[in-house]
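Here is how the chains run, residue by residue.
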Amino acid sequence: MNTEHVLDARQAAARHTPVLLERCLDLLSPALERDGAVMVDATVGMGGHAESVLRRFGTARVIGIDRDRQAVALASDRLAGYGDRFTAVHACYDEITDVLAAAAPGRSTVDAVLMDLGVSSLQLDEPERGFSYAHDAPLDMRMDPDGPLTAAQVLATYDQQALARVLAEYGEERFARRIAQRIVATRPATPLTRTYQLVDLVRAAIPAAARTTGGHPAKRTFQALRIEVNDELGALERALPLAVEHLAVGGRIVVESYHSLEDRLVKRTFAAAATSSAPRGLPVEPAGTAAYMRLVTHGAERADEAEVAANPRSASVRLRAAERTAPTPAGRRGGVS
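Here's what I pulled together on the structure shown here.

About the thresholds
- Residues numbered from 1 in each chain as written.
- Predicted model: local features only at pLDDT ≥ 70, side-chain atom pairs only at ≥ 80, totals over all residues.
- Heavy atoms only, no water.
- Helix = DSSP H or I, 4+ residues; strand = E, 2+ residues; numbered from the N terminus.
- Rg over C-alpha atoms; globule rule 2.2 N^0.38 Å.
- Buried < 20%, exposed > 50% of the residue type's maximum accessible area, 1.4 Å probe, protein only.
- Contact = heavy atoms within 4.5 Å.
- Areas by Shrake-Rupley, 256 points an atom, 1.4 Å probe, with all protein chains shown as cover.
- Lys, Arg positive; Asp, Glu negative; His and termini not counted.
- Charge placed at Lys NZ, Arg CZ, Asp CG, Glu CD.
- 1 Å grid on protein atoms, 1.4 Å probe; cavity = no way out; pocket = protein on both sides within 12 Å on 5 of 7 lines; lining within 4 Å.
- Points joined across faces, edges and corners; volume = space filled by probe spheres on them.
- Nonpolar A, V, L, I, M, F, W, Y, C, P; charged D, E, K, R; others polar.
- Pairing = 2+ DSSP bridges.
- Axes fitted to C-alpha atoms, helices over the stretch in contact; angles between N-to-C directions.
- Arc of directions from axis to C-beta.
- Core = buried A, V, L, I, M, F, W, Y, C linked by side-chain atoms within 4.5 Å.
- Phe/Tyr/Trp six-rings, centres within 6.5 Å; stacked < 30°, edge-to-face > 60°.
- Lys NZ or Arg CZ within 6 Å of the ring centre and 35° of its normal.
- Parallel < 35°, antiparallel > 145°, perpendicular 65-115°, else oblique.

1. Considering the overall build of the chain
- A tally of regular secondary structure across the chain gives 14 helices and 7 strands.
- The C-alpha atoms of the chain give 21 Å as radius of gyration, which agrees with the globular expectation for 337 residues (20 Å, within 12%).
- The dimensions of the chain, computed from C-alpha atoms along their principal axes, are 65 × 60 × 40 Å.
- The burial tally for the chain puts 53% of its 337 residues in the buried class.
- Residue pairs at least 24 apart in sequence account for 72% of intrachain contacts in the chain once pairs closer than 6 positions are excluded.
- On the chain, roughly 15100 Å² of surface is accessible, and the fraction owed to carbon and sulfur atoms is 51%.
- Between the centroid of the 40 positive side chains of the chain and the centroid of its 43 negative side chains there is a distance of 6 Å.

Right, dumping it as structure tokens:
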């Protein structure tokens, strides 16, 4: 075992508090109390949720997925004591089908899926990764350091319209056009390669009055670039229907989102699966149209004041859970209706 990773794993465990941990465990409990239950932790990160599942459900097995190799190494070392009950895989969660084929041969369904979306504490706490506007670092922002696109490349190559779209759509930035215009005007003489360069540019691009409200002025720009660099919404849109399809009947899926666009995709996917696709008012449910999921949470649950005080990352969380009630009708296979 790599001693350096063990020390890192212990430090990671000490500094990282999983969001809404007890609520996640309670929601997953009916599925994980089955003997030999298998859960896919689609964003294993530093292994906080996974460790609690392994500890609480003594026969459960967890397959942990992460696109960040450092997270995979940390989680593997942290959870090595659980032996073959924990398997870590370097992959993105939209590769769940291939992950299951490799990590659980002969098994096409699992009992539970957990997704804790967004940027991880590990990534934010490593300044050189470029996710944080609070530290000067290369403008990278790749969750997978082997990924093809960096934030610096986005800033250097996207035209003004594309930049404004990214900032407005993914960051909900009111001044997206002004920031995009400033980026395009600045980059020929001064390429944007460092986080503090971008922070200074955003400050200069937005009105002075707006710099004092709504948190750090560059927060939304950094969020938008991170989502674009990692194709977070595209990956989630591909992953959700696959995760549902790989749930056994009686299995449960819990998703923690931190952005309204993420939560919208989760809500839409769950609602479609939990609603009949037949026209309303028919006396008999036509074949192939029945719902095959049940919503376990009513709307999106939020962290209470005590949770937010103890774990500030939980302030923006939106949690939804659903349960598989039947196989997918033949007429409804292939994703969201």
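2. So, empty space enclosed by the protein
- In total, this model carries 2 cavities of 30 Å³ or more according to the counting rule given.
- There is about 330 Å³ of room inside the largest cavity.
- Taken together, 29 residues make up the lining of the largest cavity; nearest its centre are Thr43, Asp66, Asp116, Gly118 and Ser120.
- Looking at the lining of the largest cavity, the elements with two or more residues in it are α3 (48-56), β2 (61-66) and α6 (121-124).
- Among the residues making up the lining of the largest cavity, the classes are represented as 11 nonpolar, 10 polar and 8 charged.

3. Some thoughts on the sheet that holds β2
- With mixed pairing, the 7 strands of this open sheet are ordered in space as β3-β2-β1-β4-β5-β7-β6. What marks the edges here is a single partner per strand, and that holds for β3 (86-90) and β6 (293-295). For this sheet, the mean angle separating the axes of adjacent strands, direction not counted, is 15°.
- Here helix α4 (residues 69-78) sits on the sheet in contact with β2 and β3, set at roughly 170° to β3.

4. Here's the deal with helix α5 (residues 96-103)
- Listed in full, the buried residues belonging to α5 are Ile96, Val99, Leu100 and Ala103. Along α5, the residues classed as buried sweep out an arc of 95° about the axis, all on the same side. Projecting away from the buried face of α5 at angles above 90 degrees are the exposed residues Asp98, Ala101 and Ala102.
- Where α5 is buried, its residues touch β1 (38-41), β2, β3, β4 (110-116) and α12 (232-245).

5. Focus: the environment of Gly147
- The topology assignment puts Gly147 in the loop between α6 and α7 (151-157).
- Judged by its relative accessible area of 17%, Gly147 is buried.
- For the pair Gly147 and Ala185, spaced 38 residues apart in the sequence, the C-alpha separation amounts to 27 Å.

6. Topic: the nonpolar core
- Formed by 70 residues in total, the largest nonpolar core has its most connected members in Val40, Ile63, Met115 and Ile253.
- The leading source of residues in this core is α12, at 7 residues.
- In this structure, Val40 is in contact with Ile63, Ile65, Ile96, Leu100, Val110, Ala112, Val113 and Leu114, ignoring residues within four places of it in sequence.
- Formed by 29 residues, the second largest nonpolar core is a distinct cluster that contains Leu54, Ala75, Phe86 and Tyr258.

7. Focus: the packing of aromatic side chains
- Throughout the structure, instances matching the rule amount to 1 aromatic pair.
- Sitting over the ring of Tyr258, Arg313 keeps its end group 4.5 Å from the ring centre.

8. Brief notes about the environment of Glu237
- By the element assignment, Glu237 lies in helix α12.
- Given a relative accessible area of 43%, Glu237 falls into the partly exposed group.
- In the structure, Glu237 is positioned 143 residues away from Asp94 in sequence and 8.4 Å away in space, judged by C-alpha atoms.
- Those residues in contact with Glu237 that sit more than four places away from it in its chain are Leu265 and Arg268.

9. Some details on α4
- Most of α4 is tucked away: 7 of the 10 residues are buried.
- Buried within α4 are the following residues: Ala71, Val72, Ala73, Leu74, Ala75, Asp77 and Arg78.

10. Description of the packing of helix α8 (residues 160-171) against helix α11 (residues 219-229)
- It is at 8 Å that the axes of α8 and α11 come closest, and there the two elements cross at 100°. As judged from the angle between their axes, α8 and α11 are roughly perpendicular. Across the interface between the two elements, Arg165, Val166, Leu167, Tyr170 and Gly171 from α8 touch Arg220, Thr221, Gln223, Ala224, Ile227 and Glu228 from α11.
- Taken together, the residues of the contact of α8 with α11 break down into 5 nonpolar, 3 polar and 3 charged.

Bear in mind that shape data such as this cannot, by itself, settle questions of function.
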